[in-house]
Amino acid sequence: MLENQAQDKMPLAVSVVIPAYNEELGIGPVLEQLRGVLADAPFAYEIIVVDDGSQDDTAAVVRRYPDVRLITHKRNLGYGAALKTAIRQARYDLVGITDADGTYPNERIPELVAQFHAGEYDMVVGARTGAEVAIPWIRKPAKWIIGKLAEVIAGQPIPDINSGLRVFKRAVALRFFNMLPNGFSFTTTLTLGMLTNDYNVAYVPINYMTRTGKSKIRPLRDTLNFVNLILRMALYFAPLKIFLPLSGFLLFLGLLWGVFSWAVLKRLADVSTVVIVMAAVQIAVVGMLAELIDRRLPNYYRGEKE
């Protein structure tokens with residue numbers, strides 16, 4: 001078998017996961033390309049497709065490839081839920097993920113695996129910053145805002161926070177399972193969780209092609225969900241980065257209002273000034289308590305590195 005031959009070449013093995021929902025047009029070409037790429041790769045592998053309750057012939061297309069593991073959900077549970085199912089059932093300690101719509105350059109997967117293996121990383125991400133990136137313009141403003149918020153929380157640049165082409169340690173992902181969502185924000189949460197817990201993450205520039213079939217992204221709803229997710233992640237892992245700036249803003253606002261009322265209105269608006277300043281102090285105290293709790297309690301996510 002190809003898997004056994006690859007195992008002899010290099011003591012490394014990868015479970016490549018593809019979540020699919022109504023992707024009968026894209027999944028066939030993706031599997032054809034992926035099987036060809038991995039057949040020549042110097043590592044053992046398996047390919048897992050999770051049919052997430054598709055209403056078309058996605059599963060039927062996958063069944064044409066007997067060397068591909070097919071897992072089916074009876075109903076649509078979401079992108080993240082499909083990945084969780086596959087990660088739980090994966091045979092190997094290294095997991096790679098890609099999409100079923102043909103947008104990602106799957107020929108780069110061996111390169112991501114090689115960098116992972118050579119650099120002792122916990123995750124290597126294919127960052128969509130290459131020469132050809134076909135991200136719809138309607139998604140770019142939200143993507144930029146989300147990226148900047150995430151960089152503030154992580155305290156470092158993040159070239160692409162939610163790329164769907166990456167490889168990572170299965171054991172590390174399992175640590176975050178109780179907080180990884182079932183929707184599209186799975187990759188965003190995993191990225192922030194690993195960065196805020198001092199795991200080693202590398203980024204490799206890749207191209208991003210126009211998808212096959214209809215997109216499942218809902219721009220407004222998914223953007224709001226992403227922002228909500230990032231704020232929750234800040235409260236999980238970096239509470240002071242949310243509470244202290246807010247406290248500082250209110251303190252500045254209170255002092256500015258006090259000076260303005262005294263200099264311009266000729267009377268000190270003492271009650272409203274005190275209320276604003278006290279709110280700033282209370283928010284700072286809550287932030288420090290949250291940070292203290294976060295640092296003192298045993299943190300499962302920062303467990304012993306593999």
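A brief look at the structure comes next.

Reading guide: rules and limits
- Throughout, a residue's number is its position along its own chain's written sequence, starting from 1.
- Totals for whole chains, interfaces and linings use all residues, but because this is a predicted model, local features are given only for residues with pLDDT of at least 70 and pairs of side-chain atoms are given and counted only at 80 or more.
- Values reported for side chains reflect all heavy atoms of the structure, with hydrogen atoms and water molecules removed beforehand.
- Under the scheme used here, helices are H or I runs from DSSP no shorter than 4 residues and strands are E runs no shorter than 2 residues, and both carry numbers assigned from the N terminus.
- Between two residues, a contact is recorded if the distance between any of their heavy atoms is within 4.5 Å.
- Surface exposure here means Shrake-Rupley accessible area, sampled with a 1.4 Å probe, where a residue is shielded only by the protein chains that are shown.
- When DSSP finds two or more bridges between two strands, those strands count as paired.
- To obtain an axis, a line is fitted to C-alpha atoms, over the contacting stretch when the element is a helix, and the angle between two such axes runs from 0 to 180 degrees between their N-to-C directions.
- One less than the residue count of a helix, multiplied by 1.5 Å, gives the span that helix is expected to have.
- Buried residues are those whose accessible area, probed at 1.4 Å on protein chains only, stays under 20% of the maximum for their type, while exposed residues exceed 50% and partly exposed ones sit between those limits.
- The reported arc concerns the directions from the helix axis to the C-beta atoms and nothing else.
- Pairing of aromatic rings covers Phe, Tyr and the six-membered ring of Trp, with a centre-to-centre limit of 6.5 Å; geometry is then stacked below 30 degrees between planes, edge-to-face above 60, and tilted otherwise.
- Here, a charge over a ring is recorded when the distance from Lys NZ or Arg CZ to the ring centre is within 6 Å and its angle to the ring normal is within 35 degrees.
- Salt bridge criterion: a side-chain nitrogen from Lys or Arg within 4 Å of a carboxyl oxygen from Asp or Glu.

### As for the overall build of the chain
Part 1 of the argument: For the chain, the helix and strand inventory stands at 11 helices and 7 strands.
Part 2 of the argument: Sequence separation of 24 or more characterises 77% of the internal contacts of the chain that already satisfy a separation of 6 or more.
Part 3 of the argument: Accessible area of the chain: about 15400 Å², with a carbon and sulfur share of 61%.

### As for the sheet that holds strand S4 (residues 94-97)
Part 1 of the argument: Reading across from one edge, S3-S2-S1-S4-S6-S5-S7 is the order of the 7 strands in this open sheet, with mixed pairing throughout. Two strands in the sheet have a free side with no partner beyond their single neighbour: strand S3 (68-73) and strand S7 (201-205). Sheet twist, expressed as the average angle between the axes of neighbouring strands with direction ignored, equals 25°.
Part 2 of the argument: In terms of strand pairing, strand S2 (residues 44-52) meets S3 through 6 bridges, oriented parallel. When the sheet's bridge partners are listed, Asp52 is paired in S3 with His73.
Part 3 of the argument: Along the sheet, helix H2 (residues 27-39) makes contact with strand S1 (13-20), S2 and S3, crossing S2 at roughly 165°.

### Description of helix H6 (residues 140-154)
Part 1 of the argument: The first and last C-alpha atoms of H6 sit 21 Å apart over 15 residues, in line with the 21 Å expected at 1.5 Å per residue.
Part 2 of the argument: Residues of H6 that are buried include every one of Ala142, Ile146, Gly147, Ala150, Ile153 and Ala154, and no others. Across the axial projection of H6, the buried residues extend over an arc of 130°, all falling on one side. What points out from H6, more than 90 degrees from its buried face, is the exposed set Trp144 and Val152.
Part 3 of the argument: Positive backbone phi, approximately 75°, marks Gly155, located one or two places after H6.

### Digging into the packing of aromatic side chains
In this description, an aromatic ring pair is defined by two values, namely the gap between the centres and the angle between the planes.
Part 1 of the argument: One pass over the full model with this rule turns up 4 aromatic pairs.
Part 2 of the argument: Geometry around Tyr208 places Arg128 over its ring, the cationic atom sitting 5.0 Å from the centre.

### Observations concerning the pattern of salt bridges
Part 1 of the argument: Overall, the coordinates contain 8 salt bridges when judged by the stated rule.
Part 2 of the argument: Where Glu32 meets Arg35, a salt bridge forms, and the shortest distance between an N and an O atom there is 4.0 Å. Within this pair, Glu32 and its partner Arg35 are both found in helix H2, separated by 3 residues, close to a single helical turn.
Part 3 of the argument: When its relative accessible area of 25% is taken as the criterion, Arg35 is described as partly exposed.
Part 4 of the argument: Between Arg35 and Asp67 there is a salt bridge, with the nearest N and O atoms lying 3.0 Å from each other. One end of the pair, Arg35, is in helix H2; the other, Asp67, is in the loop between helix H3 (58-62) and S3, with 32 residues separating them in the sequence.
Part 5 of the argument: Given the relative accessible area of 41%, Asp67 is considered partly exposed.

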